[in-house]
Amino acid sequence: MAVRAAPRSATPGVERAPIGIAVAGWVLALIGFFPVIYLVATSLKTEAAAVVLPPTFIPLPGVNLAPTEMPPFTFAPTFEQYQTILERGFGPFFGRSLLAVIGSAILVLLLGVPCAYALAFRMIESWRDTLFFFISTKFLPPVGIIVPIYIIINNLGLLDNLVALLIMYTAMNLPIAIWMLRSFFEEIPPDVVQAARVDGADVWTEMTRIILPMVAPGLTATVFIGAIFAWNEFFFAVSLTATKATTVPMFMIGFVTSEGLFWAKLAAAGTMAMLPVVLVGWLAQRQLVRGLSLGAVK
Amino acid sequence: MSTQPQTLALPRRRPLPIPLVGALSNWSTGKTLVAPAVVFAIIVTQLPFVVTIWYSLLRWNLLRPDNIQFAGLDNYLFVITADPVFPVALLNTVILTIGSVVFALVMGLIFAELVNHRYPGRGIVRTMFITPFLIMPVVSALTWKNMMLNPVFGVVDYLMQLVGLPAVDWLAQFPLFAITGIVVWRWAPFMMLILLAGMQSLSDEIREAARVDGVSVLQEFRYIVLPHLSRFIQLGALLGSVYIVQEFDSIYMTTQGGPGTSSTNLPFLIYQIAFNKKDVGEASALGVMVVILTIIGTQYLLRVLARLSEGD
């Protein structure tokens, strides 16, 4: 019987770290995290304050000084950039991203749950081949299919239509979901399934009443991992949408050429763009590695 | 076997929970459950690739949609022998992929070792390490391009000047190196997560026993931790390669493949040929070649995954 890893925080790790390890951990983490802090800090600045050096990243509300006269590393926070970005129509981009994420998540679950269920419980003989078929679709680089996808979608009249992204994101996340879900299903003790069988439950009852409630955390994790990838996706968005179906990453394109002039606005848009998925990722931390390794590492 | 605190297993060898005997009805139910997902995946991913192969044999530019001719292998011949950008993009792809994977693995190994110890705030440290992987890639690319790497107002150059180094316009002077840095920032957390799982599957008793025997920290790491991690390192390296070969976002957002073609990789080249030059045939031929290269790489990956699934 397979034993699952205990939750991360409960795993002992190596006992009693030397102080050097703790210090190195904190210092390296803060260095690596600094661009994120700086991005969020910059989003709260005026454009003039955004380019002040030495870098300022501590908000000091209620102090009314010129950016260069503030105490070291501090700046006077303002929400004006967020307001500007929202006035420039960030909202609809955000809404469409949300739709693409939720829509593809529903499709992924509808297709993936039954499939993973049948594969986990070996309901077809070629379950192993089928699993590897799905993983191989994940390894197909998008550039290998983008030309026909573009032309077909164009012929279907779905260019610059959210449906196109929805389909591509479903295909993109389906293999990950099937591998993840399978690994969750396999953790259900066989006795439970057997007992249901003996009681004469049909597959549908067995799946909806007994199995799905048991893997509910796994379903959530699967949806979260898929949401991270779909929300951040850019290649299909830039290839298949233009104006009407554009998602949040497409909003960011507007900042590619604006050298230095709009960093605070760029940071405000960037903060709003990245925040939802960062929060989701923090929540799903424990399951992240399973999703990323396609269920291979738990 | 069951004392392992961690499972590292693909399809596990375990007793079949359902007797296959007399399960003809089960068999068809199984097919019904699997079919929609399989059919969907075939239609959206496999068939388009077959179409890509067909397109790669055509002379077809979307700017002249009425002039489609069969061209045989001309597109491939052009790409291999006459296209000046292809060898550059191929080399850039290889450098970016290998460089990013190696650096990300090293950083990830360090991060994982630092997080695998107990100290106050370890959870916060871990969360901070993970975060770059979650940031929308186009946002992290823009953040690095502007706030961090700008030669005048960027934090990195500011710090360099503090210690007396000259300012560097990273993305103009060393574009591939700078992009590698951005990719490493994003992927080191991925490596950390996989290696950390590996480390936590190594029982504390072994490490402690070694320490009691007077083994130094470095020796312990070199002779106990690293060998144990080798499968996890392989997994991380191969998964990382498959994803980083496809890197597009950071190049689009920072250099657009430039200056010139100095930071153009194959995905970005294909994008340019497909959507700027609108050459269906050439873009398809390049796409097929990237897929073939990926398949060669993935064969190795699948073998590693399969070996993991056998649980040794």
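Within every chain, residues take consecutive numbers counted from 1 along the sequence as written. As they are written, the chains are lettered A onward and the ligands numbered 1 onward, keeping that order. Per-residue local features are limited, in this predicted model, to residues with pLDDT of at least 70; the limit for side-chain atom pairs, both in listing and counting, is 80 or more; totals at the level of whole chains, interfaces and linings are taken over all residues.

**Q** Which residues make up the overall build of chain B, and what values go with them?
**A** Helix and strand assignments follow DSSP, with helices taken as H or I runs no shorter than four residues and strands as E runs no shorter than two, numbered in order from the N terminus. From N to C terminus, chain B includes 13 helices and two strands. Looking at chain B residue by residue over its 312 residues, the buried ones come to 46%. Each residue is represented by a C-beta atom placed from its backbone, and any two residues with such atoms within 7 Å are regarded as in contact. Sequence-distant contacts, at least 24 apart, represent 73% of the contacts inside chain B between residues at least 6 apart. Counting other C-beta atoms within 10 Å of a residue's own tells you its class, since 20 or more makes it buried, 12 or fewer makes it exposed, and anything in between is partly exposed; those C-beta atoms are placed from the backbone.

**Q** How would you sum up the overall build of chain A? Please name residues and give values.
**A** For chain A, the helix and strand inventory stands at 14 helices and two strands. Here chain A holds 298 residues, and the buried ones make up 48% of them.

**Q** Could you give me a rundown of the interface of chain B and chain A, with the residues and numbers involved?
**A** The interface is formed by 96 residues belonging to chain B together with 97 residues belonging to chain A. A per-element tally of the side of chain B that touches chain A places helix α1 (residues 24-55) of chain B first, with 20 residues.

**Q** Account for the confidence of the model for chain A, naming residues and giving values.
**A** Each residue carries a pLDDT score, the predictor's confidence in it, ranging from 0 to 100. Averaged over every residue, the pLDDT of chain A is 87; the share at 70 or more is 93%. Ignoring residues within four places in sequence, the model shows residues 1-12 of chain A, a span with pLDDT below 50, making 22 contacts including any to other chains.

**Q** Outline the environment of A:A105, supporting the account with residue identities and numerical values.
**A** Residues and elements named next belong to chain A. Tracing the backbone through its elements, the reader meets A105 in helix α4 (residues 90-120). When the C-alpha atoms of A105 and G295 are compared, they prove to be 18 Å apart, with 190 residues separating the residues in sequence. Beyond its immediate sequence surroundings of up to four residues, A105 is in contact with V223, G226 and A227.

**Q** Give a detailed account of the domain arrangement of chain A, specifying residues and quantitative values.
**A** All names here are of chain A. What marks off one domain from the next here is an automatic or database domain assignment. Taken domain by domain, chain A holds domain 1 (19-78) and domain 2 (85-292). Taken over C-alpha atoms, the centre of domain 1 sits 34 Å from the centre of domain 2. In this assembly, nine residues from domain 1 lie in contact with eight residues from domain 2. Elements with a minimum of two residues in the side of domain 1 that touches domain 2: α1 (19-43) and α2 (47-50). By residue number, the principal contributor to the side of domain 1 that touches domain 2 is α1, which donates four residues. Here the residues of the side of domain 1 that touches domain 2 are counted per class, giving four nonpolar, three polar and two charged. Classes in brief: Ala, Val, Leu, Ile, Met, Phe, Trp, Tyr, Cys and Pro nonpolar; Asp, Glu, Lys and Arg charged; the others, Gly included, polar.

**Q** Let's hear about the packing of helix α3 (residues 85-115) of chain B against helix α10 (residues 217-244) of chain B: which residues, and what values?
**A** Residue and element names in this part refer to chain B. Direction vectors running N to C along α3 and α10 enclose 140 degrees, while the axes themselves pass 9 Å from each other. Judged by the inter-axis angle, α3 sits oblique to α10. In terms of crossing hand, the pair formed by α3 and α10 is right-handed. On α10, the residues that touch L96, T97, S100, V101, A104, L105 and G108 of α3 are I233, G236, A237, G240, S241 and I244. Tallied by class, residues from the contact of α3 with α10 come to seven nonpolar, six polar and no charged. Fitting a line to C-alpha atoms yields each axis, with helices limited to the stretch in contact; the angle taken between N-to-C directions then spans 0 to 180 degrees. Every angle not falling under 35 degrees, over 145, or within 65 to 115 is termed oblique; those three ranges are roughly parallel, roughly antiparallel and roughly perpendicular. Each crossing is labelled by how the near helix is turned from the far one, with a counterclockwise turn of less than a right angle marking it left-handed and a clockwise turn marking it right-handed.

**Q** Summarise the nonpolar core; cite the residues concerned and give the values.
**A** The term nonpolar core refers to a set of buried Ala, Val, Leu, Ile, Met, Phe, Trp, Tyr and Cys residues connected through C-beta atoms within 7 Å. With 178 residues, the main nonpolar core has A:L165, B:L193, B:I194, B:L195, B:I270 and B:L286 as its most contacted residues. Split by domain, the residues of this core number at least three in each of domain 1 (19-78) and domain 2 (85-292) of chain A.

**Q** Talk me through the confidence of the model for chain B; I want residue IDs and the actual numbers.
**A** All names here are of chain B. The predicted model of chain B has a mean per-residue pLDDT of 85, with 88% of residues at 70 or higher. For residues 19-26, every residue scores under 50 in pLDDT, and the model assigns this stretch three contacts once sequence neighbours within four places are set aside. Here the complex is predicted with pTM 0.87, and the ipTM for its interfaces comes to 0.88.

**Q** Hey, could you go over unusual backbone geometry for me, with residue numbers and the actual values?
**A** With an omega of -5 degrees, the peptide bond running from A:L53 to A:P54 counts as cis. Structurally, the position occupied by A:P54 is in the loop between α2 and β1 (58-59). Going from B:G258 to B:P259, the amide bond is cis rather than trans, its omega being -5 degrees. On the secondary structure map, B:P259 appears in the loop between α11 (249-254) and α12 (266-275). With a phi angle near 65 degrees, A:F73 is a residue other than glycine that sits in the positive phi range.

**Q** Break down the packing of α1(A) against helix α13 (residues 263-283) of chain A for me, with residues and values.
**A** Residue and element names in this part refer to chain A. In the contact formed by α1 and α13, the axes pass within 7 Å of each other and the chain directions differ by 115 degrees. With respect to the hand of their crossing, α1 and α13 are arranged in left-handed fashion. Contacts between α1 and α13 involve L39, V40, T42 and S43 from the former and W263, A264, A267, A268, G270 and T271 from the latter. Broken down by class, the residue content of the contact of α1 with α13 amounts to six nonpolar, four polar and no charged.

**Q** Which residues make up the environment of B:V51, and what values do they have?
**A** Residue and element names in this part refer to chain B. Examined against the element boundaries, V51 turns out to sit in helix α1. Its 17 C-beta neighbours within 10 Å are what place V51 among the partly exposed residues. The spatial distance from the C-alpha of V51 to the C-alpha of Y158 is 51 Å, given a sequence separation of 107 residues.

**Q** Tell me about the environment of B:G281, residues and numbers included.
**A** All names here are of chain B. In this fold, G281 is placed in helix α13 (residues 280-309). Owing to 25 C-beta atoms within 10 Å, G281 belongs among the buried residues under this scheme. Placed 209 residues apart in sequence, G281 and G72 show a C-alpha to C-alpha distance of 10 Å.

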